[in-house]
Amino acid sequence: MKKERNYAIDFVRFFFALVFVLGHMAILLSRIPGREGMNLVFGLDTICIFTCSAGYFMMGHFDKEMKRRKVEGDQTPPTKIALDYLASRIRTLGVWFTVGNLMGFIGICLLNKTPLSKWFDAFLNHLGEFFGLMLTGFNYGSNIHGAYGTASSEYILINGPLWFVSGLFICSYFLYYLLAKDEKKTLGVIVPLTALVFYGSAYMNGVQPFWRKFFQIGFIQIDYGMIDMFCNLGIGCIMYRAVEALQGKEFSKGFTILLSCIQLFLVIFVPFRTLVPLNIPINPFSFNWGPAYLLSLINTFLLVLNRDHVTHFLNKKFLGAPGKLAMYIYCLHYGVIMLLYTIVPDLLFNHLPLFILTVYVITVLLSILADKVSKPIDKWLLSKPWFKKTT
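To keep things clear, this report deals only with the structure shown in the data block. Computed from a predicted structure; not experimentally measured. (Residues numbered from 1 in each chain as written. Predicted model: local features only at pLDDT ≥ 70, side-chain atom pairs only at ≥ 80, totals over all residues. Heavy atoms only, no water.)

**With respect to the overall build of the protein chain**
Where we set the bar: Secondary structure follows DSSP: runs of H or I at least 4 residues long count as helices, runs of E at least 2 residues long count as strands, and numbering of each begins at the N terminus. Buried, partly exposed and exposed residues are distinguished by accessible area as a fraction of the type maximum, computed with a 1.4 Å probe on protein chains only: under 20%, between the cut-offs, and over 50%, respectively. Any two residues having at least one pair of non-hydrogen atoms within 4.5 Å are treated as being in contact.
For the protein chain, the helix and strand inventory stands at 15 helices and two strands. In the protein chain, which comprises 391 residues, the proportion classed as buried is 50%. Considering only intrachain contacts with a sequence separation of at least 6, the fraction spanning at least 24 residues in the protein chain is 78%.

**So, helix H10 (residues 289-305)**
Our working rule: Here the expected span of a helix is defined as 1.5 Å times the quantity of residues minus one.
Here H10 is 17 residues long and its end C-alpha atoms lie 24 Å apart, about the 24 Å a rise of 1.5 Å per residue gives. Across the 17 residues that make up H10, a large majority, 12, are buried. Restricting attention to buried positions, one finds in H10 the residues Trp289, Gly290, Ala292, Tyr293, Ser296, Leu297, Asn299, Thr300, Leu302, Leu303, Val304 and Leu305. Structurally, H10 contributes buried residues whose contacts are with helix H1 (7-29), helix H2 (48-72), helix H7 (163-204), helix H8 (224-246), helix H9 (253-275) and helix H11 (309-314).

**Digging into the packing of H2 against helix H3 (residues 78-111)**
This is how it is decided: With axes taken as lines fitted to C-alpha atoms, and helix axes fitted only over the stretch in contact, angles between N-to-C directions fall between 0 and 180 degrees. Every angle not falling under 35 degrees, over 145, or within 65 to 115 is termed oblique; those three ranges are roughly parallel, roughly antiparallel and roughly perpendicular. Note: crossing handedness is left-handed where the near helix turns anticlockwise from the far helix by less than a right angle, and right-handed where it turns clockwise. Each residue is assigned to one class: nonpolar for Ala, Val, Leu, Ile, Met, Phe, Trp, Tyr, Cys and Pro, charged for Asp, Glu, Lys and Arg, and polar for all the others, Gly among them.
Where H2 meets H3, the closest approach of the two axes is 12 Å, and the angle between their N-to-C directions is 130 degrees. Classified by the interaxial angle, the pair formed by H2 and H3 is oblique. Viewed along their axes, H2 and H3 form a crossing whose handedness is right-handed. Residues Met58, His61, Met66 and Arg69 of H2 form the contact with H3, whose own contacting residues are Ile81, Asp84, Tyr85 and Ser88. Here the residues of the contact of H2 with H3 are counted per class, giving four nonpolar, two polar and two charged.

**Examining the state of the cysteines**
Inclusion rule: Note on disulfides: each one is a pair of cysteine sulfur atoms within 2.5 Å.
Tallied over the entire structure, the rule returns zero disulfides. The thiol of Cys52 is not disulfide-bonded; the next cysteine sulfur, from Cys48, is found 5.0 Å away. Note on Cys52: relative accessible area 0%, which makes it buried.

**Thoughts on the nonpolar core**
Our working rule: Working definition of a nonpolar core: buried Ala, Val, Leu, Ile, Met, Phe, Trp, Tyr and Cys residues. They are joined through side-chain atoms within 4.5 Å.
Core analysis: the largest hydrophobic core is formed by 105 residues, its most contacted members being Phe50, Phe164, Val165 and Phe355. Per-element accounting of this core gives the leading share, 18 residues, to H7.

**Considering the pattern of salt bridges**
Formally: Counted as salt bridges are all cases of a side-chain nitrogen of Lys or Arg within 4 Å of a carboxyl oxygen of Asp or Glu.
Tallied over the full model, the rule gives 12 salt bridges. Across the salt bridge formed by Asp84 and Lys80, the nearest N and O atoms sit 2.8 Å from each other. Here Asp84 and its partner Lys80 are both found in helix H3, four residues apart, which amounts to about one turn of the helix. Accessibility expressed as a relative area gives 9% for Asp84, which makes it buried. By sharing partners, the salt bridges in this structure join Glu65, Arg68, Arg69, Glu72, Asp74, Lys80 and Asp84 into a single network.

**Section: the environment of Met327**
The topology assignment puts Met327 in helix H13 (residues 326-343). Residue classification places Met327 among the buried residues on the basis of a relative accessible area of 14%.

**Thoughts on a nonpolar patch on the surface**
Stated precisely, the cut-off is as follows: Each patch is built from residues that are more than 30% exposed by relative accessible area and take part in no salt bridge. Like charges join if they lie within 9 Å; nonpolar side chains (Val, Leu, Ile, Met, Phe, Trp, Tyr) join within 5 Å. What sets the accessible areas is the Shrake-Rupley method with a 1.4 Å probe; for residues, cover comes only from the shown protein chains.
A cluster of nonpolar side chains, namely Leu354, Leu357, Val361, Leu365 and Ile368, defines an oily patch on the protein surface of about 430 Å² accessible area. As for its position among the elements, Val361 is in helix H15 (residues 352-382). Residue class for Val361 comes out partly exposed when judged on its relative accessible area of 41%.

**Focus: the packing of aromatic side chains**
Defined as follows: Any two rings among Phe, Tyr and Trp, with Trp reduced to its six-membered ring, count as a pair given centres within 6.5 Å; such a pair is stacked if its planes are under 30 degrees apart, edge-to-face if over 60, and tilted if neither. Remark: a charge is flagged as sitting over a ring if the NZ atom of Lys or the CZ atom of Arg is within 6 Å of the ring centre and within 35 degrees of the ring normal.
Going through the model one piece at a time under the given rule, you end up with 23 aromatic pairs. One aromatic cluster in this structure is built from Phe15, Phe16, Phe20, Phe50, Trp163, Phe164 and Tyr330. If you follow Arg13 out to its NZ or CZ, it ends over the ring of Phe50, 5.2 Å from the centre. A cation over an aromatic ring shows up here: Arg307 above the ring of Phe251, its NZ or CZ 4.0 Å from the ring centre.

**A few points about unusual backbone geometry**
Of note in this structure, Asn306 is not a glycine but carries a positive phi near 60 degrees. Turning to its location among the elements, Asn306 is positioned in the loop between H10 and H11.

**Some points on the environment of Ile106**
Along the chain, the position of Ile106 falls in helix H3. Relative accessible area serves as the criterion here: at 34%, Ile106 is assigned to the partly exposed category. With sequence-adjacent residues up to four places away left out, Ile106 is seen in contact with Trp119 and Leu339.

**Here we look at the side chain of Ser367**
Mapped onto the elements of the fold, Ser367 is located in helix H15. Residue class for Ser367 comes out buried when judged on its relative accessible area of 0%.

**Some points on the packing of H8 against H10**
Direction vectors running N to C along H8 and H10 enclose 40 degrees, while the axes themselves pass 10 Å from each other. With respect to H10, the element H8 is oriented oblique. In the packing of H8 onto H10, the handedness of the crossing is right-handed. For the pair H8 and H10, the contacting residues are Asn232, Ile235, Met239, Ala242, Val243 and Leu246 in the first and Tyr293, Leu297, Thr300, Phe301, Val304 and Leu305 in the second. Across the contact of H8 with H10, the residue classes break down as 10 nonpolar, two polar and no charged.

If you want it as structure tokens, here you go:
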């Protein structure tokens, strides 16, 4: 039986995509001379709703794919299975990932007043980002903008938010391989142990496990974001199996009400924590990222479980309809911010509300256009021998 689509997840992903536009706008613009006062600290650690739901959907794909292969007697090795999945991710996200990088590349060249004669050199310096290798450290290092740590990463990277898509490409391949090799060990040992050690160590050392170096041995460094992405994708896979195990089990009215009360608090708290800057007086929440992360995980699990009244209320087709725009918004918004600032700087300095509104309007319109042209592009890509249609 085909599962009904959970529109609540789509709606939440769309909402947070819009929130991240505002957060990234504040982060980037606070580094532009004359706008330092806009340095607002947003609780973007709640991005685990994005990453865990991505893992949840990946596990659904894996489940269908392995069942199909079992019926067909397919003996394809795990490496090929993982590569097929990676190809499907590149097929669905690669075009807009590239467009987002191109927009960011043009924007950063204009922002830094790079001479046109140096644009080709600049493009080669950022080539690792176009190949989706950002989260491995490529282009965090020495390039035309300096070494990591000597300048803000918003200046070093042409489209910083695309670390998320880079992580999907890299970590989903390795996680998919591990699942195909041995799902029980992957979800029973590797993922939970890695997550507990990683997040526990980060919390004990007082560092937020996002966008930082994880550890360093000599010249070897691992970015926090890559481990964070692997853990959250894996947690999303565990959530899928947990939801599967709870299917068909009846919840009492009292327990359903309890879950609904918890979810009601979380659907208010998590967006508030993300949307309202942490460094302004009206935000009463001063605790660290750890509790916020755990609450975001519970919020995500209740969304995918879809057994409480609050999630049922959000699970409406008209609310979920914009959800298909979420990834397009995420890929394109940063380039829109940079290009709009460099082309019409007066709009930022003298008409900030209009600047913010214009960014949103242009980003959403471009995302709608991207959604419309994605189907013919996808059809064309599927006609090529290097892509294969998977479940």
